[in-house]
Amino acid sequence: MHFKLCLGALAASSSLLVSALPSADSSKVNAGLRLIKTSEADPGVWVTEDEKIEKYTAKNINFIDITDITDTYVLNSLSGVSESTIVERQAVTYPTTLTHVTEGNTFISRINMTVPQTALRTFTEFTTRYYRSATGTQASTWLFNQLSSIAAVNSAITVTRFTHSFNMPSIIVKIPGTTTDLVIVGAHIDSVGSTTTGRSPGADDDGSGTVTILEAFRVLATSGFKPKNTLEFHFYAGEEGGLLGSAAIFSNYRTTGKRVLAMLNQDMTGYSPGGRPVVFTDYTNAALNTYMRLIVREYTGITSGTSSCGYGCSDHASATSNGFPSSFVHEDTMSGSSPYIHTANDAYSTIMWDAVQRHIKLTIGFLVEASYL
């Protein structure tokens, strides 16, 4: 995740983006440069992979890597066309009451906090999970194996790698429903420090979100849950490099005509001095946010807070820019979030496990309720 700090407008008009498309300068791409945007008005600047981290991530400047994005719809969305202006391909009406609470709470009672605690300890032992590093790829392989082991309880569940131009693959787990409509929960695998090679345990960012949805998947899979809508658990690679993994996946879903009913982002769930989940209202879907507040209240007993996280702060932005409804329920407000991210101090010892447990509960609640949309 990127903290909420965006550069000022670098151009008078977002229409300048058209002249900055990657295809306009293939020599820069061939030279290993990447085109990133730090705001809607920014036409983009070419940087090296190391500069992404050292000049932007380490300084808490949000950005989106648009080098590989060629869809005009998506580029326009990333350049300031508001959600109300974009004609959504897949309008969804969300319930105003929850009707599967007993079932949801039955699954919640099966949460075993030893599982995410043990998983996160291993996950943070990799030197770094930087998406271009060998240890990052090793971490992804380890996670793939954990998910595959859980999925073995049901031959209908699939665990697949979604490969990218960089070594670390994203992972998609699918519990098939009776419809092909998708309900998605996502977190990102990768971590990064102030450099691409430094120690980066990434306990909260986003090891906590990863083990949150890992445990939600374990509970539903081992309980034999049979959803109406198909459930997907996404583990994105390259979030810290500008939302790379999620951008590729949701671009694929857009071009192949998949229908996404709701996407919930779980990026950082383990540090919450305020003691309550917070719904981010920017670059998300207002109707889905209202639905998520209902779910948070019912399944955690806590009224969620409200905040915003800025341009390109996490993977929900990829769903939104591709026309899919997304919501981001975070551990706390931006000012209350972990101060240790993107450093070697984002360590296992900083995790507040009561916060993680709240997010596992609300994630299970979301998946059960939305599976019946």
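Since the model is a prediction, treat every value here as computed from it, not as a measurement.

A.B. asks: Which residues make up the state of the cysteines, and what values go with them?
C.D. replies: Scanning all chains against the criterion turns up one disulfide. One disulfide in the model links Cys309 with Cys313; its S-S distance is 2.0 Å. What sets the handedness of the Cys309 and Cys313 disulfide is the S-S torsion sign, and at about -60 degrees it is left-handed. Like Cys313, Cys309 is buried.

A.B. asks: Lay out the side chain of Asn289 with the relevant residues and their values.
C.D. replies: With respect to the helices and strands, Asn289 occurs in helix 9 (residues 286-300). Asn289 sits in the buried class, given a relative accessible area of 2%. Sequence-distant contacts of Asn289, defined by excluding residues within four places in its chain, comprise Val279, Phe280, Thr281, Thr284, Ser326 and Ser327.

A.B. asks: Which residues make up the layout of surface pockets, and what values go with them?
C.D. replies: When its volume is computed, the largest pocket comes out at roughly 430 Å³. Around the largest pocket, the lining comprises 27 residues; the ones closest to its centre are Arg34, Asp68, Ile69, Leu244 and Ala248. Of all elements in the fold, only strand 3 (64-65), helix 3 (72-78), helix 8 (244-255) and helix 10 (316-321) reach the threshold of two or more residues within the lining of the largest pocket. A total of four residues in the lining of the largest pocket trace back to one element, the largest contributor, which is helix 8. The class makeup of the residues in the lining of the largest pocket is 13 nonpolar, eight polar and six charged.

A.B. asks: Any chance you could break down the sheet that holds strand 2 (residues 45-47) for me, citing the residues and the numbers?
C.D. replies: What the three strands build is an open sheet, ordered 2-1-3; its pairing is antiparallel. Because the sheet does not close on itself, it has two edges, and the strands there are strand 2 and strand 3. Relative to strand 3, strand 1 (residues 34-37) is paired through two bridges, and the arrangement is antiparallel. Pairing of Ile36 across the sheet is with Asp65, part of strand 3.

A.B. asks: Would you mind going over helix 6 (residues 134-151) in detail, with residue names and values included?
C.D. replies: Because each turn of an α-helix spans 3.6 residues, side chains separated by three or four positions in sequence point in the same direction. The end-to-end C-alpha distance of helix 6 is 26 Å, a good match for the 26 Å that 18 residues give at a rise of 1.5 Å each. Summarising the contacts, the buried residues of helix 6 are in contact with helix 5 (114-123), strand 4 (158-162), strand 5 (170-175), helix 7 (203-222) and strand 7 (230-236).

A.B. asks: Would you mind going over the side chain of Asp315 in detail, with residue names and values included?
C.D. replies: Within the secondary structure, Asp315 sits in the loop between strand 10 (305-307) and helix 10. It turns out Asp315 is buried and unbridged, and the closest side chain with the opposite charge, Arg129, is 11 Å from it. Only 2.6 Å separates the side chain of Asp315 from the side chain of Ser246, close enough to count as a polar contact.

A.B. asks: Can you lay out the packing of aromatic side chains for me, pointing to particular residues and giving the numbers?
C.D. replies: Going through the model one piece at a time under the given rule, you end up with 14 aromatic pairs. Both rings, one in Phe123 and one in Trp142, keep their centres 5.9 Å apart while their planes meet at 35 degrees; by these two values the pair is tilted. In this pair, Phe123 sits in helix 5 while Trp142 sits in helix 6, placing the two residues 19 residues apart along the sequence. Classification of Phe123 as buried rests on a relative accessible area of 1%. A ring pair is formed by Tyr283 and Tyr311, whose centres lie 5.9 Å apart and whose planes are at 80 degrees; its orientation type is edge-to-face. Remark: Tyr311 occurs in the loop between strand 10 and helix 10 and Tyr283 occurs in the loop between strand 9 (278-280) and helix 9; sequence separation between them is 28 residues. Members of the aromatic cluster, connected to one another through ring pairs, are Tyr236, Phe250, Tyr253 and Phe324. The ring centre of Tyr348 lies 4.0 Å from the NZ or CZ of Arg121, which sits over that ring. The lysine or arginine in question, Arg161, covers the ring of Phe144, its NZ or CZ lying 3.7 Å from the ring centre.

A.B. asks: Mind laying out the sheet that holds strand 6 (residues 182-188), listing which residues take part and the relevant values?
C.D. replies: Strand order in the open sheet formed by eight strands is 4-5-7-6-8-11-9-10, with mixed pairing between adjacent strands. Bordering the open sheet on either side are strand 4 and strand 10, each of which pairs with just one other strand. The average angle at which neighbouring strand axes cross in this sheet is 25 degrees, direction not considered. Where strand 6 meets strand 7, seven bridges bridge the pair, whose relative direction is parallel. Its bridge partner lying in strand 7, His188 is registered against Tyr236. Strands in contact with helix 11 (residues 353-370) are strand 6, strand 7, strand 8 (260-265) and strand 11 (326-330); relative to strand 6, the strand with the most contacts, it is inclined by about 160 degrees.

Analysis parameters
Residues numbered from 1 in each chain as written. Predicted model: local features only at pLDDT ≥ 70, side-chain atom pairs only at ≥ 80, totals over all residues. Heavy atoms only, no water. Disulfide = S-S within 2.5 Å. Buried < 20%, exposed > 50% of the residue type's maximum accessible area, 1.4 Å probe, protein only. Helix = DSSP H or I, 4+ residues; strand = E, 2+ residues; numbered from the N terminus. Contact = heavy atoms within 4.5 Å. 1 Å grid on protein atoms, 1.4 Å probe; cavity = no way out; pocket = protein on both sides within 12 Å on 5 of 7 lines; lining within 4 Å. Points joined across faces, edges and corners; volume = space filled by probe spheres on them. Nonpolar A, V, L, I, M, F, W, Y, C, P; charged D, E, K, R; others polar. Pairing = 2+ DSSP bridges. Expected span 1.5 Å × (residues − 1). Lys, Arg positive; Asp, Glu negative; His and termini not counted. Salt bridge = Lys/Arg side-chain N within 4 Å of Asp/Glu carboxyl O. Polar contact = N/O pair within 3.5 Å; in protein donor to acceptor, adjacent residues only side chain to side chain. Phe/Tyr/Trp six-rings, centres within 6.5 Å; stacked < 30°, edge-to-face > 60°. Lys NZ or Arg CZ within 6 Å of the ring centre and 35° of its normal. Axes fitted to C-alpha atoms, helices over the stretch in contact; angles between N-to-C directions.

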